Amino acid sequence: GTIAQTPTTTPNMKLTPLVLGASLLLASPPSSAQATQGLSPLGPLGGSTTAIAIDPLDPDRMIVTPYTQGLFLSTDGGDSFDHMSISLPDDIDDLKQDPVNGQTLYLTEDKSIYKSLDFGATWNPLGLTSTDTLKDFAVGSSAGRLLAFDAWQIYQSTDFGANWVTVQSVVP
């Protein structure tokens, strides 16, 4: 089945849902043998895929994040994947794609958010300092708006992650 995040609406911010099931809709239809036997695996083996990003300029290029295994890049529509050599730990929590500029990607790793402007070739940390592991984050459909959540606070940026403010704190 298709797995999708439920769209969330925050005042002054419309968020775009990430539909993971779209990764199954690749260029070629299944052969008759596949159609009678069900779906076949796609992507790197050895873990649950937590996120996927498809290059809007080249739909054969995609990045997937298998749980605790880093980033994998496919340039052939998902037929094969290569581990991407990036200077970040492999324990990537989440990957999001900017809905306005699909070449811009964001990923979370523990208490940090990183940004790529070149579809994952290079990554730079954003200025967010969280005291707890980040639970989730969202990229707004209006340029520059980001939200990040840890167990106790909600953070917001309106300038593509250069500056962050705490918009909600929960006292335990």
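Everything quoted here is computed from the prediction, not taken from an experiment. (Residues numbered from 1 in each chain as written. Predicted model: local features only at pLDDT ≥ 70, side-chain atom pairs only at ≥ 80, totals over all residues. Heavy atoms only, no water.)

**Topic: the overall build of the chain**
Piece 1. When you go through the chain residue by residue, the secondary structure sums to one helix and 14 strands.
Piece 2. Residue burial in the chain is summarised as follows: out of 172 residues, 38% are buried.
Piece 3. Of the contacts formed within the chain by residues at least 6 apart in sequence, a portion of 31% connects residues at least 24 apart.
Piece 4. Accessible surface, the chain: about 9,700 Å² in total, of which carbon and sulfur atoms supply 54%. (Helix = DSSP H or I, 4+ residues; strand = E, 2+ residues; numbered from the N terminus. Buried < 20%, exposed > 50% of the residue type's maximum accessible area, 1.4 Å probe, protein only. Contact = heavy atoms within 4.5 Å. Areas by Shrake-Rupley, 256 points an atom, 1.4 Å probe, with all protein chains shown as cover.)

**As for the environment of Tyr106**
Piece 1. Assignment of secondary structure puts Tyr106 in strand E8 (residues 105–109).
Piece 2. In the structure, Tyr106 is positioned 13 residues away from Phe119 in sequence and 9.5 Å away in space, judged by C-alpha atoms.

**Digging into the nonpolar core**
Piece 1. Counting residues in hydrophobic clusters, the biggest one holds 14 residues, and the most contacted among them are Ile63, Leu71, Ile86, Leu95, Leu105, Leu107 and Trp123.
Piece 2. Every element with two or more residues in this core is listed here: strand E3 (49–54) and E8.
Piece 3. In this view, Leu105 contacts Ala53, Ile63, Leu95, Lys96, Gln97, Tyr114, Lys115, Ser116, Phe119, Gly120 and Trp123; residues no more than four positions away in its chain are not counted.
Piece 4. Formed by eleven residues, the second largest nonpolar core is a distinct cluster that contains Ile113, Leu126, Leu128 and Trp164. (Core = buried A, V, L, I, M, F, W, Y, C linked by side-chain atoms within 4.5 Å.)

**Quick look at the sheet that holds strand E10 (residues 124–125)**
Piece 1. Reading across from one edge, E7-E8-E9-E10 is the order of the four strands in this open sheet, with antiparallel pairing throughout. The sheet terminates laterally at strand E7 (94–97) and E10, the two strands that pair on one side only.
Piece 2. Across two bridges, strand E9 (residues 112–116) lies against E10 in antiparallel orientation. Bridge pairing in E10 places Tyr114 opposite Pro125. (Pairing = 2+ DSSP bridges.)

**Section: the side chain of Thr104**
Piece 1. Inspection of the secondary structure assignment puts Thr104 in the loop between E7 and E8.
Piece 2. What makes Thr104 buried here is its relative accessible area of 4%.

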